[in-house]
Amino acid sequence: LFQASLLPYLVYLWFLSRPAARTPAAASFGARLLLAFVFATIPAGIAAKTRFGDILANVDVLHGTSESLLTFSNFLFAFGFAAAVSRGA
């Protein structure tokens, strides 16, 4: 499923980066940071399985760290658009 969703998301990021989209910088960065979350969960999941013998969702320190990256990227995305709306852009 990950492989199938990567290409459409990259196309989405490309469209966000177009000047005509007028995407706020913070929102654009947040959308790109989501890729860091996705790629960080892969080694975290492997580490959870090999080091702790469990899935990522059950290893709190790894899962919490991964989810904090997701939360931060979502915050930037929402903050960027909220700031643009409040400016009337």
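What you are looking at is a predicted structure, and each value in this text was computed from that prediction instead of being measured.

Caption draft 1: Summary view of the nonpolar core. Grouped together as the largest cluster of nonpolar side chains are five residues: Tyr9, Leu13, Leu16, Ala31 and Leu35. The set of elements that each furnish at least two residues to this core consists of α1 (2–17) and α2 (25–52). Considering each element in turn, this core owes the most residues, three residues, to α1. Discounting residues that sit within four places of it in the chain, leucine 13 has contacts with Ala31, Arg32 and Leu35.

Caption draft 2: Just the packing of aromatic side chains, in detail. Across all of its chains, the model carries four aromatic pairs by this definition. Summarising the aromatic geometry, the rings of tyrosine 9 and tyrosine 12 are spaced 5.4 Å apart at their centres and angled 45° between planes, so their arrangement reads as tilted. Placement of the pair is tyrosine 9 and tyrosine 12 together in helix α1, with a separation of three residues, close to one helical turn. What makes tyrosine 12 partly exposed here is its relative accessible area of 35%. Ring centres of phenylalanine 77 and phenylalanine 81 lie 5.2 Å apart, and the angle between their planes is 70°; this geometry places the pair in the edge-to-face category. Placement of the pair is phenylalanine 77 and phenylalanine 81 together in helix α3 (residues 60–87), with a separation of four residues, close to one helical turn. One cation-aromatic arrangement involves arginine 51 over phenylalanine 52; the distance from NZ or CZ to the ring centre is 5.5 Å.

Rules used in this analysis
- Residues numbered from 1 in each chain as written.
- Predicted model: local features only at pLDDT ≥ 70, side-chain atom pairs only at ≥ 80, totals over all residues.
- Heavy atoms only, no water.
- Core = buried A, V, L, I, M, F, W, Y, C linked by side-chain atoms within 4.5 Å.
- Buried < 20%, exposed > 50% of the residue type's maximum accessible area, 1.4 Å probe, protein only.
- Helix = DSSP H or I, 4+ residues; strand = E, 2+ residues; numbered from the N terminus.
- Contact = heavy atoms within 4.5 Å.
- Phe/Tyr/Trp six-rings, centres within 6.5 Å; stacked < 30°, edge-to-face > 60°.
- Lys NZ or Arg CZ within 6 Å of the ring centre and 35° of its normal.

Read these as geometric descriptors, not functional statements.
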